[in-house]
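In case you want the letters, here they are:
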Amino acid sequence: MAGLDWTYGVSTLRQWESADYEPSLPVSEKSNPLTCDIDRASAYSIVKMLQVCDSQMFQKEAGTTYQRLLSDQVLKTLMEVAKRVEVIIKDPQESCVVMSGCGTSGRLAFLISSGFNKALSQLNQSEVYSYIIAGGDRALLSSQEAPEDDPRLGVLSLKKVCEGKKRVLFIGISCGLSAPFVAGQLDFCLQHPEVYTPVLVGFNPAHQARDEPIQDCTFTFHSVVQRMQELAKSQKAFLINPAVGPEAISGSSRMKGGSATKILLEVAFSAAHAATSSNTPITHNGVLQHMMEYERTLAVTYSQPDGITTLVEAAGESLRCSRHVYYLGWGSLALLGLIDASECSPTFGADYEDVRGFIRGGYRELNNNDGPLTSLGPKFSIAHEDFLHLILPCLTDKDTVLLIYTHSDDATEVGNMARRVREKTPNLHAVYHQADGDTAASLQQDNIKKLCLSTLKITWPQEALVSGTLQHMRELSTKLVLNAVSTGAHVLKGKIYQNHMIDLQVTNTKLYRRATRLLQKLSTCPEEKCEEALLKAIYRVDMLTLEMTSSDITTHTCFARNSTKVVPLALVILLTGWSLVEAESHLKQQPIVREAVAQWMW
Ligand code: F1P
């Protein structure tokens, strides 16, 4: 890979847009041609690939097939949504903005609502933002994929949040335009237009919305989108669905999907806030300029590929020897650490202990709807104190610890934490955000730097401070770095085949379908055979009973919650014709999934 040329030609960058490229798949599920060899790449090459993939978010629209982030229509819709938010901020008593989503989309709804509510409070204005996440608050920190399939749950939670409100701007986020939980909520909004104005955020064109029947429902995601398109003509509903290109790891919408969600909603809400607090009009150019600040954020972050590579290598090494990666963060950047860590189990089939996040102030800082969740189990211990009590005593130099903070955090506190960790391991690193020209904190910062094996220092121009967007830029930048660290580390651990997560959890319909498709692609066996192998791996039997084959997908996915290595196992069965026991023992001997299946691929 050493000689890999990063200046890809336009044709490679845009190959996914061609009509005959994986035509049966929506953009969000396509595999990205840029990363087809990511499983064999060095840490540095992985980082560069992620950079190019992320840069696809800001590619200009070419032709009429796909709207993009910077397309005129997208900017216009954002302006309209911003105007609705402005009205709500001015009349907060009986109105609110609700964001809702599953998995990463719900976590970002939480992050964004917290940030903008704080901004309103600081101006002595009433908070107007609420979030809903499928599976409730426990899903902020752990994988709860099953509720995603339940539209009724979606409606119930929406009704609860909106009790007594006369005007609700509902923002349903589903990167793949696919989650029944969100479809149910949008359908409910469409049935009650006197109160609800629905907005859909996702990253596929409307015709690629999922059209699979939803249990006990008369609508599909696709039919809901069609109804919204009709109402969008009279601005009674809004669709914000630019394409951002396929994810670096196929279907991993936590990456670009999550970043683009954050960008779009922050641009709309910031415009609304500026309009209310400083009478700055919501203009097309203002919205465009703000979007471009995020494009600069990508450039600033990825201008240090070596620094990011060091972190990826360290984390990869820890995971390779079955040790752990810990993110110790301050403020909202810590939240991005918690989010990134929580996504590793559904995305890579990782154990919750593999990558963990901790936040200064714990649940006090998190300020989530349901308050402290510590009683739910050890994975819900998230405060720095928890790290000091539970993790630090057993920390070894094989673990990687990453401090995530900014120049405005308490440097003495960061320094103390660094010293405590350093007594146990030299494998301590930092991601540090500072403002251009900021020298005040440099002495303390130097001391912290001396304790760390590497420091990724990201410097932001002073203008970012002035326009008040610094916090959002730092958050996106941190998200990009942490996504690179956790994705890169799992790639290096051998969890990825080509650019597919093979060891994905099969815990909802979307993931079940993705798993079957992946088995078809890699084994070239017919769909029926692949589904059969998948069920054998889920139920851990060589002979499927009639009860198993006649159950619905929900039953399969419920059962799959307790099974591990389901897809690798099914693949080995398909490729070798072995029995379940033989396939299981093969995987035990070769825990690197990529290697375990690779030897049967040719
Ligand atoms: C929601 C989601 C993802 C998660 C996994 C399962 O997807 O929970 O966030 O990573 O892929 O689905 P979406 O509704 O935003 O497309």
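Since this is a predicted model, take the numbers as computed values, not measurements.

A. Representation of the overall build of the protein within the structure. Regarding its fold elements, the protein presents 26 helices and twelve strands. Since a compact globule built from 602 residues should have a radius of gyration of about 25 Å, the 23 Å found for the protein is in line with a globular shape. Considering only C-alpha atoms, the protein reaches an extent of 70 × 60 × 50 Å along its principal axes. Evaluated residue by residue, the protein yields a buried proportion of 61% over its 602 residues. Sequence-distant contacts in the protein: of pairs separated by 6 or more residues, those separated by 24 or more amount to 77%. Here the protein has roughly 23,400 Å² of accessible surface; of this, 51% comes from carbon and sulfur atoms. Distance from the positive charge centre (57 side chains) to the negative charge centre (65 side chains) of the protein: 2 Å.

B. Up close: the sheet that holds strand β10 (residues 454-460). Across the sheet, which stays open at both edges, the five strands sit in the order β7-β6-β8-β9-β10 with parallel pairing between neighbours. At either end of the open sheet lies a strand with only one pairing partner, and these are β7 (355-359) and β10. Within the sheet, the average angular offset between the axes of one strand and its neighbour, ignoring direction, is 15°. Examined bridge by bridge, strand β6 (residues 325-329) and β7 share five bridges and lie parallel to one another.

C. Fine view of the pairing of β10. Residues Ser 454, Leu 456, Ile 458 and Trp 460 point to one face of β10 and are all buried, whereas Thr 455, Lys 457 and Thr 459, pointing to the other face, are not buried. The pairing of strand β9 (residues 428-435) with β10 spans seven bridges and is classified as parallel. Each bridged residue has a counterpart across the sheet, and for Ala 430 the counterpart in β10 is Thr 455.

D. Seen up close, the site of the ligand. Near the ligand, the surroundings consist of 13 residues, among which Ser 105, Ser 174, Cys 175, Gly 176 and Lys 510 are the closest. A distance of 2.7 Å separates an oxygen atom of the ligand from a polar side-chain atom of Ser 105. Against a free-state accessible area of 380 Å², the protein chains account for coverage of 94% of the ligand. Among the residues making up the shell around the ligand, the classes are represented as three nonpolar, seven polar and three charged.

E. The arrangement of the sheet that holds strand β3 (residues 167-173) in detail. Spatially, β2-β1-β3-β4-β5 is the arrangement adopted by the five strands of the open sheet, whose pairing is parallel. Only two strands of the sheet have a single neighbouring strand rather than two, namely β2 (129-133) and β5 (238-240). Each strand axis lies, on average, 20° off the axis of its neighbour in the sheet, ignoring direction. Where strand β4 (residues 196-201) meets β5, three bridges bridge the pair, whose relative direction is parallel. Bridging across to β5, Val 201 finds its partner in Ile 240. Lying on the sheet, helix α4 (residues 104-122) is in contact with β1 (95-101), β2 and β3; it crosses β2 at an angle near 165°.

Calculation rules
Residues numbered from 1 in each chain as written. Predicted model: local features only at pLDDT ≥ 70, side-chain atom pairs only at ≥ 80, totals over all residues. Heavy atoms only, no water. Helix = DSSP H or I, 4+ residues; strand = E, 2+ residues; numbered from the N terminus. Rg over C-alpha atoms; globule rule 2.2 N^0.38 Å. Buried < 20%, exposed > 50% of the residue type's maximum accessible area, 1.4 Å probe, protein only. Contact = heavy atoms within 4.5 Å. Areas by Shrake-Rupley, 256 points an atom, 1.4 Å probe, with all protein chains shown as cover. Lys, Arg positive; Asp, Glu negative; His and termini not counted. Charge placed at Lys NZ, Arg CZ, Asp CG, Glu CD. Pairing = 2+ DSSP bridges. Axes fitted to C-alpha atoms, helices over the stretch in contact; angles between N-to-C directions. Near = heavy atom within 4 Å. Polar contact = N/O pair within 3.5 Å; in protein donor to acceptor, adjacent residues only side chain to side chain. Nonpolar A, V, L, I, M, F, W, Y, C, P; charged D, E, K, R; others polar.

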